[in-house]
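Notes for the structure review
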Amino acid sequence: MEISFEDILCLADSSSLSDITLDGNPIAQETWYKHTVLHHMMQLRQLDMKRITEEERRMASVAARKEEERKRESHKQTLLKEKKRLTICNIARQWEIQQNRIALVASLNQDKDNEPCQINGSAAYVFPEESRSLDTILSSAVQGLSVLESHLVEVEGDTLCLYGAGALECLDRNWSVQTAGIIVTVSFMFIEFDEIVQALTKLKIKFPNSVHLKFKETNLVTLQQFNALAQMHRIEQLTVDPQGNPVVNFSLWKYYVLFRLNHFNLQKINGVKVTGNDIVMAERLFGILAYVASSELPHYRMLSLIGESRRKQFHYLLEGKGKKSGIGSEESSDNRSGGESTTRATLNYMTKDFHMEKLEEIKERKTFCQTYIENLVKEAADINMKNESLQKLWPQMFIELVRDAVIEIRNKNSYMKLCLQRITDQKQ
């Protein structure tokens, strides 16, 4: 008959039990057998017909404490994993609510006649009452979810995982040099790419050794967004998950990344090694794009983008010298020096918020210029009107001035006395 530890655990309640023999049972073959029995049956004097020493009791007590600590640590890790899972699920649900709101607002803008609209593949009719209460419904849903954390920051080995927009705030922390130095991969999940762009400068400063960027559920929808990654120090690997990033549906997106981020010499894209043929194909497909973009920019804009150190190369490009196969000598020299090429620098990305700020700034400047010009025109019109009035009055004014002067000096003696009197009055 096989006996398990649970079967004999009740014997621990017997204070008179001093000798027990379990030899021959499978339980006695377990490594933890002796320590566990001694820990739970402190009243025993003999076990398996062998006298129990104080040293054995002490070892059993130590082993039991270690086992308890191991179980507590295991339980703690289990709780942390469950909390992480629930937090990520909460972040994912909030992200889904946000994306549904954006999709619904876009659908309402396109469809003013209450026609069926598609949200995540499901058809729904929008009624006026529902559209008016949409914000209230979604806000209530978000408040219900906010009981859990809305973002998560986690370091796993050499990978920094950021979940939710609030996780970007971790870049403002004072990271230790050792921790920041081991971060090689940075993973973004459930964060708008435009928000990530604003944090790239902090990212490259805080984690100078990061060479691998991962994007999942970040709303990468256009090739132009990849232009923003050019501001990083270096990137050796780029991973863009198809989930939540429609840009990967473009068949040429990898070639555009290789072309725009050519100065990084990318090694892998989505885990696939980059070959020389890929780089040549990228140049053939998009080389003319950078040249056209740089040609259309005004000179002052080009110079502001390039900077003082590259002005000579820019003038060389304007002269049309050294171009062959769509690659100018200035570009090849940039690549040799490891910097970003002049023409590629014109392909940049502007976030929606920054674009709106620029539009507002342009609007303010336009209003100022318009007001300034109107004031100048008004002032010029007033001056012209005064000038015309003076031209009309001047002949008569001149005659009166001459007449008054003649009358005043007609009597020489009286005029001299008057002048002397004026001098005397001035001295007094």
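Calculation rules
Residues numbered from 1 in each chain as written. Predicted model: local features only at pLDDT ≥ 70, side-chain atom pairs only at ≥ 80, totals over all residues. Heavy atoms only, no water. Helix = DSSP H or I, 4+ residues; strand = E, 2+ residues; numbered from the N terminus. Buried < 20%, exposed > 50% of the residue type's maximum accessible area, 1.4 Å probe, protein only. Contact = heavy atoms within 4.5 Å. Areas by Shrake-Rupley, 256 points an atom, 1.4 Å probe, with all protein chains shown as cover. Pairing = 2+ DSSP bridges. Expected span 1.5 Å × (residues − 1). Bend = angle between axes of the 7 residues up to and from the residue. pLDDT = per-residue confidence, 0-100. Core = buried A, V, L, I, M, F, W, Y, C linked by side-chain atoms within 4.5 Å.

1. Regarding the overall build of the chain
Within the chain, the regular secondary structure consists of 15 helices and twelve strands. For the chain, buried positions account for 30% of its 428 residues. A separation threshold of at least 6 residues defines the contact pool for the chain, and within that pool the share at least 24 residues apart is 67%. In the form shown here, the chain has an accessible surface area of approximately 28,600 Å², with 54% of it arising from carbon and sulfur atoms.

2. Overview of the sheet that holds strand S1 (residues 19-20)
Ordered in space as S1-S2-S3, the three strands form an open sheet in which the pairing is mixed. Bordering the open sheet on either side are S1 and strand S3 (50-51), each of which pairs with just one other strand. Sheet topology places S1 next to strand S2 (residues 46-47); two bridges connect them, and they run parallel. Across the sheet, the residue bridging to Asp19 is Gln46, located in S2.

3. Section: helix H9 (residues 276-296)
Over its 21 residues, H9 extends 30 Å from the first C-alpha to the last, a length consistent with the 30 Å expected when each residue adds 1.5 Å. Along its length, H9 reaches its greatest deviation from straightness, about 45°, at Phe286. Where H9 is concerned, the buried positions are Ala282, Glu283, Phe286, Gly287, Ala290 and Ser294.

4. A few points about unusual backbone geometry
A positive phi is found at Glu217, a non-glycine position, where the angle reads about 55°. As for its placement among the helices and strands, Glu217 is situated in the loop between strand S9 (212-216) and strand S10 (237-240). Exposure remark for Glu217: the relative accessible area of 13% places this residue in the buried category. Residues other than glycine seldom take positive phi values, yet Asn219 does so here, at roughly 60°. Relative to the assigned elements, Asn219 resides in the loop between S9 and S10.

5. With respect to the environment of Asn262
Among the secondary structure elements, Asn262 is positioned in the loop between helix H8 (253-260) and strand S11 (268-269). Given the relative accessible area of 15%, Asn262 is considered buried.

6. Observations regarding the sheet that holds strand S8 (residues 185-189)
Reading across from one edge, S6-S7-S8-S9-S10-S11-S12 is the order of the seven strands in this open sheet, with mixed pairing throughout. Strands with a single pairing partner mark the edges of an open sheet, and in this sheet they are strand S6 (152-156) and strand S12 (272-273). Note that S6 and strand S7 (residues 159-163) share five bridges and pair antiparallel. Counterpart to Glu154 in the pairing with S7 is Cys161.

7. Section: the confidence of the model for the chain
Of the residues in the chain, 77% have a pLDDT of 70 or more, and the chain-wide mean is 78. Ignoring residues within four places in sequence, the model shows residues 117-134, a span with pLDDT below 50, making 23 contacts including any to other chains.

8. Some words on the nonpolar core
Counting 47 residues, the largest nonpolar core has Phe188, Phe215, Phe226 and Leu229 as the members making the most contacts within it. Elements with a contribution of two residues or more to this core: S7, S8, helix H7 (193-206), S9, S10, H8 and H9. Sort the elements by how many residues they give to this core and H7 lands first, with six residues. Counting residues in each nonpolar core, the second largest holds 13 residues, with Ile20, Ile27, Leu38 and Ala60 among its members.

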